[in-house]
Amino acid sequence: MEVRDVFAMRKEGRWEEAYRAIMQLYAVHQGPHTNLCMFWCTNDLFKLRAKQKRTEEARRLLFQLVKLYPQTKDRIGQGNRAIINAALTMDKLTEGFNLLYFMPYYNRMTEADWQPYIVNGHRVPSLGQQVVNHLLKDISKRDANYINQIADLFSTAFKKSPYYKENLRHLAQMHSLVGHTDKAIDTYKQILRRHHDSYLYAELAKLLPDNTDKIALYCQAIVHQYRDEYAAKYHLELAWLMYATMPRRAAYELARYMEIKQRKGQHVAPSALKLQQRLGQVSPVTSDEEQVLYERSVAAVEKILR
């Protein structure tokens, strides 16, 4: 069997068979064509194992790609792109995956890697932007050293898409992380004038000192969240904000939280049980009465954003 026969197997989708065949050829000869075929057969098998959720095998194949890359001809960056895509896939599959390890590959991205593209009629962020989104997804858990390591990459993403919602959100989170709360608040306000995602209202609420403002923002977070399982935490936040001054409304919000958690079969937070004890026998307001508060919060939030 020759390398061209293995490439033919790849085209036919016989990925496992092609991988076994190229392994045998690669064991006895490592020329340019063999190396190239070995790299792409490994990439094919990685995609298959990732799709099958065979995570440890996928991880091993990814690091096999890393070892193969230096001896693989990659004139237009396709191999580099394949490794980045594989790293992003592993980050989705596993908790705590070390994306920073692949920084040399991110630094080799070409201008083409920073171009958004269309899939099934939908605009998809560029590969470079996807990398930045992944690197910053848990930014609140990071330290200054981590931010310094990804700062240049984020700067590139921000220059290319300064009005992209996630870039602005990440900028606000960075400001907050280093103690520039006023700048973070201003950036969130800028985003919320154009976008109305529930988590944006909640994240701004955490930065403001005034309870009345917080309540208005969490009300809007609930209004703009159509999935109960995600809205539950906002109901609980509202309940805690209200229990001292508006206990009947707090009782309503806590009841909504409890109802959602029970209906979804989810764990109830200890803080919710604690609040339940504090509220005791307080009777909640009606749904219609609480809806009035939600409606009033629209004008209150508009005032905050001005």
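Refer to the structure above for everything that follows.
Scope of this entry: the structure provided in the associated data block. (Residues numbered from 1 in each chain as written. Predicted model: local features only at pLDDT ≥ 70, side-chain atom pairs only at ≥ 80, totals over all residues. Heavy atoms only, no water.)

Let us now look at the packing of aromatic side chains. Two measures describe an aromatic ring pair: the distance that separates the ring centres and the angle between the ring planes. Summed over all chains, the structure comprises 11 aromatic pairs. Aromatic side chains Phe39 and Tyr69 sit 6.2 Å apart centroid to centroid with 55° between the ring planes, which places their arrangement in the tilted category. One end of the pair, Phe39, is in helix α3 (residues 32-51); the other, Tyr69, is in the loop between α4 (55-68) and α5 (78-93), with 30 residues separating them in the sequence. Both residues of the pair, Phe39 and Tyr69, belong to the buried class. In textbook terms, an aromatic cluster arises when at least three aromatic residues are bridged by ring pairs, as seen for Phe39, Trp40, Phe63, Tyr69, Phe97, Tyr101, Phe102 and Tyr105. The cationic tip of Arg108 hangs over the ring face of Tyr105; the distance from NZ or CZ to the ring centre is 4.7 Å. The ring of Tyr146 carries Arg142 above its face, with NZ or CZ at 4.1 Å from the centroid. (Phe/Tyr/Trp six-rings, centres within 6.5 Å; stacked < 30°, edge-to-face > 60°. Helix = DSSP H or I, 4+ residues; strand = E, 2+ residues; numbered from the N terminus. Buried < 20%, exposed > 50% of the residue type's maximum accessible area, 1.4 Å probe, protein only. Lys NZ or Arg CZ within 6 Å of the ring centre and 35° of its normal.)

Geometrically, a packed helix pair is captured by the angle between its two axes and the distance between the axes. Relative orientation of the contacting elements helix α8 (residues 144-160) and helix α9 (residues 165-177) amounts to 145°, with a least axis distance of 11 Å. Our pair here, α8 against α9, has a crossing hand that is left-handed. Between α8 and α9, the contacting residues are Ile147, Ile150, Phe154, Ala157 and Phe158 on the first element and Asn167, Leu168, His170, Leu171, Met174 and Leu177 on the second. Within the contact of α8 with α9, the residues separate by chemical class into 9 nonpolar, 2 polar and no charged. (Axes fitted to C-alpha atoms, helices over the stretch in contact; angles between N-to-C directions. Left-handed = near helix turned anticlockwise from the far one by under 90°. Contact = heavy atoms within 4.5 Å. Nonpolar A, V, L, I, M, F, W, Y, C, P; charged D, E, K, R; others polar.)

Now for the nonpolar core. Counting 54 residues, the largest nonpolar core has Ile83, Phe102, Tyr106, Leu135 and Leu153 as the members making the most contacts within it. Every element with two or more residues in this core is listed here: α1 (3-11), α2 (15-28), α3, α4, α5, α6 (103-106), α7 (127-135) and α8. Take this core: its biggest share by element is 9 residues, from α3. Among residues more than four places away in sequence, those in contact with Leu135 are Leu99, Leu100, Tyr106, Arg142, Tyr146, Ile150 and Leu153. Ala184, Leu236, Tyr252 and Met258 belong to the second largest nonpolar core, which has 46 residues in total. (Core = buried A, V, L, I, M, F, W, Y, C linked by side-chain atoms within 4.5 Å.)

Here we take up α3. In this model α3 runs 29 Å from its N-terminal to its C-terminal C-alpha over 20 residues, within 8% of the 28 Å that 1.5 Å per residue would give. Taking burial as the measure, the 20 residues of α3 include 15 buried ones, the bulk of the element. Following α3 by one or two positions, Lys53 adopts a phi angle in the positive range, close to 60°. (Expected span 1.5 Å × (residues − 1).)

When its volume is computed, the largest pocket comes out at roughly 350 Å³. Looking at the largest pocket, it is lined by 17 residues, and the ones nearest its centre are Ile139, Ser140, Gln173, Tyr188 and Glu203. If you list the elements that add at least two residues to the lining of the largest pocket, you get α9 and α11 (198-207). The element best represented in the lining of the largest pocket is α9, accounting for 6 residues. (1 Å grid on protein atoms, 1.4 Å probe; cavity = no way out; pocket = protein on both sides within 12 Å on 5 of 7 lines; lining within 4 Å. Points joined across faces, edges and corners; volume = space filled by probe spheres on them.)

Before going further, it helps to spend a moment on the environment of Val282. With respect to the helices and strands, the residue Val282 is situated in the loop between α15 (270-279) and α16 (287-305). Along the sequence, Val282 and Tyr252 sit 30 residues apart, while their C-alpha atoms lie 9.5 Å from each other. The residues touching Val282, leaving out its near neighbours within four places in the chain, are Pro247, Arg248 and Ala251.

Once that is clear, we can look at unusual backbone geometry. At Lys53, a position not held by glycine, the phi torsion is positive, near 60°. Take Lys53: it is sitting in the loop between α3 and α4. Relative accessible area serves as the criterion here: at 58%, Lys53 is assigned to the exposed category. Of note, Asn120 is a non-glycine position whose phi angle comes to about 50°, a positive value. Its location among the elements puts Asn120 in the loop between β1 (117-119) and β2 (122-124).

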